[in-house]
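Listed below are the residues making up each chain.
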Amino acid sequence: MEEHTQLHTAASAVLQRAYAPYSNYPVAAAALDAAGVIHTGVNVENASYGLTLCAECSLISSWRLNAGAELSHLVCLNAAREYITPCGRCRQLLSEHAPMSLSIATQHGPITLGELLPVAFGPENL
């Protein structure tokens with residue numbers, strides 16, 4: 001998919017900005033919004049591991065700060081620039097800030113957020 005290829009390039013460009021001295025597992029994420037704007041993020045680790053920010057967390061924070069339009073496509077990359085899927089925490093975060101139709105690149109082809117996180121728990125469950 002052309003959008004995922006474009007996002008792979010954008011994520012690759014910021015990958016070296018990841019801060020991963022503890023895990024040695026840098027991650028970069030890039031997402032495309034409905035206005036055609038690309039948003040990026042990288043993981044930022046912390047000595048108290050629980051405070052580590054995933055790449056998707058920094059991406060969503062930047063997207064919110066910049067008043068981005070609805071997200072449509074997402075790519076997450078490891079240091080080898082291979083597609084990886086968001087962790088459980090990030091799947092939950094994405095489900096509150098992106099449509100379940102969000103297209104996520106994987107090693108096996110694109111899938112939707114809804115396929116990655118079926119029967120998600122959200123604000124409507126509170």
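Calculation criteria
- Residues numbered from 1 in each chain as written.
- Predicted model: local features only at pLDDT ≥ 70, side-chain atom pairs only at ≥ 80, totals over all residues.
- Heavy atoms only, no water.
- Phe/Tyr/Trp six-rings, centres within 6.5 Å; stacked < 30°, edge-to-face > 60°.
- Helix = DSSP H or I, 4+ residues; strand = E, 2+ residues; numbered from the N terminus.
- Buried < 20%, exposed > 50% of the residue type's maximum accessible area, 1.4 Å probe, protein only.
- Core = buried A, V, L, I, M, F, W, Y, C linked by side-chain atoms within 4.5 Å.
- Contact = heavy atoms within 4.5 Å.
- Pairing = 2+ DSSP bridges.

## Let's talk about the packing of aromatic side chains
On inspection of all chains with the given rule, the structure shows 1 aromatic pair. Ring geometry for Tyr-22 and Tyr-49: centres 5.9 Å apart, planes at 85°, overall edge-to-face. Of this pair, Tyr-22 sits in the loop between α1 (2–14) and β1 (28–33) while Tyr-49 is found in the loop between β2 (38–42) and α2 (55–65), placing the two residues 27 residues apart along the sequence. The class of Tyr-22 is partly exposed, set by a relative accessible area of 38%. Look at Tyr-49 and you get exposed, because its relative accessible area is 57%.

## Notes on unusual backbone geometry
Phi angles above zero are rare outside glycine, and Asn-24 is one such case at about 55°. Within the element layout of this structure, Asn-24 appears in the loop between α1 and β1. For Asn-24, a relative accessible area of 60% corresponds to the exposed category. The phi dihedral of Arg-81 is positive, around 65°, even though this residue is not glycine. For Arg-81, the location among the structural elements is in the loop between β3 (71–77) and α3 (88–97).

## A few points about the nonpolar core
Side chains that are nonpolar tend, in soluble globular proteins, to be buried together. Leu-71, Leu-74 and Leu-102 are the most contacted members of the largest nonpolar core, which totals 17 residues. Of all the elements in the fold, those that place two or more residues in this core are β1, α2, β3 and α4 (113–116). For this core, the element with the highest residue contribution is α2, accounting for 4 residues. Excluding residues within four positions of it along the chain, Leu-74 makes contact with His-4, Leu-7, Ala-29, Ala-30, Ala-31, Leu-59, Pro-86, Leu-94, Leu-102, Ser-103, Ile-104 and Ala-105. Formed by 13 residues, the second largest nonpolar core is a distinct cluster that contains Leu-7, Val-14, Ala-18 and Ala-105.

## Here we look at the pairing of β1
Judged by how many residues are buried, β1 sits mostly within the fold: 6 of 6 residues are covered. Covered by surrounding structure in β1 are Ala-28, Ala-30 and Leu-32 together with Ala-29, Ala-31 and Asp-33, the residues of both alternating faces. Direction of pairing for β1 relative to β2: antiparallel, over a ladder of 5 bridges. Looking at β2, one finds that Ala-29 is bridged to Gly-41. Where β1 meets β3, 6 bridges bridge the pair, whose relative direction is antiparallel. Paired with Leu-32 across the bridge in β3 is His-73.

By themselves these figures say nothing about function.
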